[in-house]
Amino acid sequence: MFSWLTRDSQKEEVYESVIQGLKNIYKTKLLPLELAYQFHDFHSPQLEDSDFDAKPMILLVGQYSTGKTTFIRYLLEKDFPGIRIGPEPTTDRFIAVMYDDKDGQIPGNALVVDPKKQFRPLSKFGNAFLNRLQCSMVNSPVLKNISIVDTPGILSGEKQRVDRGYDFTGVLQWFAERVDRIILLFDAHKLDISDEFRRSIEALRGHDDKIRIVLNKADMIDHQQLMRVYGALMWSLGKVLQTPEVARVYIGSFWDEPLRYDGNRKLFEDEEQDLFRDLQSLPRNAALRKLNDLIKRARLAKVHAYIIAELRKDFPSMFGKEGKKKELIKNLGTIYEKLQKEHKISIGDFPEIKGMQEVLVNMDFTKFQALKPKLLDVVDKMLADDIAVLMAKIPLEDTNTTSHELIKGGAFDSVEDTNTPFGYKRGEGIDAGFGEPDWIVYKMKPKYDILFEELNPSDGKISGAAAKAEMVKSKLPNSMLSKIWKLSDVDRDGMLDADEFALAMHLINVKLDGNDLPSDLPEHLIPPSKR
Ligand code: MG
Ligand code: CA
């Protein structure tokens, strides 16, 4: 009894214990290495408990007017505090849309001092940025399992020269490192990729596995134009993303206005289904994602330690410091090559040279530590043992998603709708006629009855052989006809009466229309005489 209840709490426990385990190994094993080599000044700030506790986050990125804000409204099926939608760049800030009992807003300056939220490190981007940051709290069931970050629309051409006054791509990078999904939005009827957008996409490098692409407003153009735009988008992405073939593109129209060209309605529905399924996987995979990110971080921290220790090794203790510092920074590439061979590290694991050189210029090399093999050992053991233990706790391929993890409410209810005629694939194929008071087969039954009579029924029934002679005319393969026969012989007496025969003919037509047949007959297709 209530087995789902116990399973629920067990799962929550597993999740809690994995998150707790991650916090522990980070603090006791990885953090000491990070601190010894000033990792936080170079790469990313120290992780706090709130980073591990945070709900899965989705980051929306795109040029202005690609429908980022509208996409959020579409998901929530309601407005959020501070929402502004329009043809001009209307969202001029980063907005973290998060759950709360009461709707409200927290301005950036207050947000970054809240210890319960994960945004504290953002204070380093300065006041100009904090004035452009806010948290919008919304009482929406959708947000009980995910948070969504809206971002300022990226401008194109002349307009983008206006300086934002803060490090926009730096902020994007900060979020990209911490979110579970990055959705890049493109406008199908205005596909131009500005320089700033290109730089933004480049800032997301290293997180390609989190990126999904939405070709939005696809209903604004016809089928042929859409194919052309899709091709152009893939071509442009190929130049900007390192692994464009990995990024999945979802074509759709994510708002609630009438479709301008509705020829692609079915495609949009399929794509929306896929996208929502992908988003549904986020709460489930949150623990795994956090674990993966910690592995990535640990590998970088190791390489970073080697680099700093190497610079330290070659740094003079007395004279010629400034000249040597310049020389070491200039020759960083050679140092990378040396370390790569010495420690058998793949070049892809090294931090980008240019960024590293920029930070090094402002660093005091005399403070750099020599190599501390013990600290590295601890991290190696953490990667080999602790991570494996935590990994084993996470159930992989978990299809038994329990209710508390699913994203619910807003558009998630209608996309996963199975009750109304407008739910996905409702009212099509085998589902045609669902919800109608009559049996849908009645429409064609007079025609099928004539056929039935021609097959010389006795006692109102025909044999399998007689039915077969008629059914093979459909040219469907025998395997399919046998399935149809089984579905149609509702009372399983090895014969078909007039209703069952009409049903068989109906199913053949459903199949010939290109629809799949289920293994069980849905209730509304059972002849009323047999219900
Ligand atoms: Mg907007
Ligand atoms: Ca029968």
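Rules of the game
- Residues numbered from 1 in each chain as written.
- Chains lettered and ligands numbered in written order.
- Predicted model: local features only at pLDDT ≥ 70, side-chain atom pairs only at ≥ 80, totals over all residues.
- Heavy atoms only, no water.
- Helix = DSSP H or I, 4+ residues; strand = E, 2+ residues; numbered from the N terminus.
- Rg over C-alpha atoms; globule rule 2.2 N^0.38 Å.
- Buried < 20%, exposed > 50% of the residue type's maximum accessible area, 1.4 Å probe, protein only.
- Contact = heavy atoms within 4.5 Å.
- Areas by Shrake-Rupley, 256 points an atom, 1.4 Å probe, with all protein chains shown as cover.
- Lys, Arg positive; Asp, Glu negative; His and termini not counted.
- Charge placed at Lys NZ, Arg CZ, Asp CG, Glu CD.
- Polar contact = N/O pair within 3.5 Å; in protein donor to acceptor, adjacent residues only side chain to side chain.
- Pairing = 2+ DSSP bridges.
- Axes fitted to C-alpha atoms, helices over the stretch in contact; angles between N-to-C directions.
- Domains from an automatic or database assignment.
- Donors = N, O, S within 2.8 Å, 3.2 Å for Na, K, Ca; no water.
- Tetrahedral: all angles 85-135°; square planar, octahedral: opposite > 155°, others 65-115°.
- Patch = residues over 30% accessible without salt bridge, like charges linked within 9 Å, V, L, I, M, F, W, Y side chains within 5 Å.
- Salt bridge = Lys/Arg side-chain N within 4 Å of Asp/Glu carboxyl O.
- Left-handed = near helix turned anticlockwise from the far one by under 90°.
- Nonpolar A, V, L, I, M, F, W, Y, C, P; charged D, E, K, R; others polar.
- Core = buried A, V, L, I, M, F, W, Y, C linked by side-chain atoms within 4.5 Å.
- Parallel < 35°, antiparallel > 145°, perpendicular 65-115°, else oblique.
- Right-handed = clockwise from strand over helix to strand, strands pointing away.

**Quick notes on the overall build of the chain**
On a plain count of helices and strands, the chain comes out with 19 helices and 10 strands. Against the compact-globule benchmark of 24 Å for 531 residues, the chain has a radius of gyration of 30 Å, which places it well outside the compact range. Here the chain holds 531 residues, and the buried ones make up 48% of them. Sequence-distant contacts in the chain: of pairs separated by 6 or more residues, those separated by 24 or more amount to 78%. Counting only carbon and sulfur atoms, one obtains 52% of the accessible surface of the chain, whose full area is about 26,400 Å². When the 76 positive and 83 negative side-chain charges of the chain are each reduced to one mean point, those points stand 6 Å apart.

**As for the environment of Ser 200**
On the secondary structure map, Ser 200 appears in helix H8 (residues 195-203). Residues in contact with Ser 200, not counting those within four places in the same chain, are Ile 154, Phe 168, Thr 169 and Leu 172.

**Structural notes on the environment of Asp 349**
Take Asp 349: it is sitting in the loop between helix H12 (332-343) and helix H13 (353-361). What makes Asp 349 partly exposed here is its relative accessible area of 23%. Sequence separation between Asp 349 and Lys 302 is 47 residues; the distance between their C-alpha atoms is 9.6 Å. Once you skip the residues sitting within four places of it in the chain, Asp 349 turns out to touch Arg 299, Leu 300 and Val 303. A distance of 3.0 Å separates the side chain of Asp 349 from the side chain of Arg 299, its partner in a polar contact.

**What to know about the sheet that holds strand E7 (residues 211-216)**
In space, the eight strands of this open sheet follow the order E3-E4-E2-E5-E1-E6-E7-E8, with mixed pairing throughout. The two strands at the open ends of the sheet, each matched to only one other strand, are strand E3 (104-107) and strand E8 (248-251). Going across the sheet, the axis of each strand differs from the next one's by a mean of 25 degrees, ignoring polarity. Inspection of the sheet shows strand E6 (residues 181-187) paired to E7 by six bridges, in the parallel sense.

**Notes on the domain arrangement of the chain**
Note: interface size is frequently given as the accessible area lost on complex formation between the parts. What the domain assignment reports for the chain is domain 1 (54-285), domain 2 (316-367) and domain 3 (427-530). If you average the C-alpha positions of domain 1 and of domain 2, the two centres end up 36 Å apart.

**So, the coordination of the calcium ion (ligand 2)**
For the calcium ion (ligand 2), every protein donor is listed as Asp 489 (OD), Asp 491 (OD), Asp 493 (OD), Met 495 (O), Glu 500 (OE) and Glu 500 (OE), and the spread of their distances is 2.3 to 2.7 Å. Geometry at the calcium ion (ligand 2) is irregular, judged from its six donor atoms and the angles of 52 to 156 degrees they form at the metal. Donor residues for the calcium ion (ligand 2) sit on one chain with the sequence pattern D-x1-D-x1-D-x1-M-x4-E. Residue classification places Asp 493 among the partly exposed residues on the basis of a relative accessible area of 32%.

**Concerning a negative patch on the surface**
Together, Glu 77, Asp 256, Glu 257 and Asp 413 give the surface a local cluster of negative charge. The topology assignment puts Glu 77 in the loop between helix H4 (68-76) and strand E2 (94-99).

**A look at the packing of H12 against H13**
Contact pair H12 / H13: the axes reach a minimum separation of 10 Å and the direction vectors enclose 115 degrees. Our pair here, H12 against H13, has a crossing hand that is right-handed. Mapping the contact onto sequence places Leu 332, Gly 333 and Tyr 336 in H12 and Ile 353, Met 356, Gln 357 and Leu 360 in H13. For the contact of H12 with H13, the class distribution of residues is five nonpolar, two polar and no charged.

**Regarding the nonpolar core**
In summary, soluble globular proteins display a tendency toward joint burial of nonpolar side chains. Ranked by size, the top nonpolar core spans 50 residues in total, and within it Phe 94, Phe 175, Phe 186 and Ile 213 carry the most contacts. A total of six residues in this core trace back to one element, the largest contributor, which is helix H7 (residues 168-178). Once you skip the residues sitting within four places of it in the chain, Phe 175 turns out to touch Leu 59, Phe 94, Phe 119, Leu 122 and Val 149. With 47 residues, the next largest nonpolar core counts Leu 47, Ala 298, Leu 311 and Leu 339 among its residues.

**Description of the packing of helix H17 (residues 464-471) against helix H18 (residues 478-488)**
The interhelical angle for the contact between H17 and H18, taken along N-to-C directions, is 130 degrees, at an axis separation of 11 Å. As far as their axial angle goes, H18 and H17 are oblique. Helix-helix and strand crossings are classified by hand; for H17 and H18 the assignment is right-handed. Along the contact surface, H17 presents Gly 464, Ala 467 and Met 471, while H18 presents Leu 481, Ile 484 and Trp 485. Residue composition of the contact of H17 with H18, grouped by class: five nonpolar, one polar and no charged.

**Section: the pattern of salt bridges**
Here the structure, examined in full by the defined rule, presents 34 salt bridges. Taking the shortest distance from any N to any O, the salt bridge between Lys 367 and Asp 364 comes out at 3.6 Å. Its relative accessible area of 57% is what places Lys 367 among the exposed residues. Across the salt bridge formed by Asp 516 and Lys 511, the nearest N and O atoms sit 4.0 Å from each other. The partly exposed category is assigned to Lys 511, whose relative accessible area is 21%. The network of salt bridges with shared partners includes Asp 180, Lys 210, Arg 289, Asp 293 and Lys 296.

**Here we look at the side chain of Glu 310**
Its place among the elements puts Glu 310 in helix H10 (residues 265-313). Apart from the residues lying within four places of it in its own chain, the contact partners of Glu 310 are Ile 335, Lys 338 and Leu 339.

**Considering unusual backbone geometry**
Excluding glycine, residues mostly carry a negative phi; peptide bonds, for their part, are mostly trans. Even without being glycine, Ser 65 reaches a positive phi, approximately 65 degrees. Looking at the secondary structure, you find Ser 65 in the loop between strand E1 (57-62) and H4. With a phi close to 55 degrees, Glu 77 is a non-glycine residue in the positive phi region.

**Topic: the pairing of E6**
Of all the seven residues making up E6, seven are buried; the element is thus mostly covered by neighbouring parts of the structure. Taking every second residue as pointing to the same face, both faces of E6 are buried, with Arg 181, Ile 183, Leu 185 and Asp 187 on one and Ile 182, Leu 184 and Phe 186 on the other. In this structure, E1 lies alongside E6, joined through five bridges in parallel fashion. Across the sheet, the residue bridging to Leu 60 is Ile 183, located in E6. The handedness of the E6 to E7 crossover, carried by H8, is right-handed.

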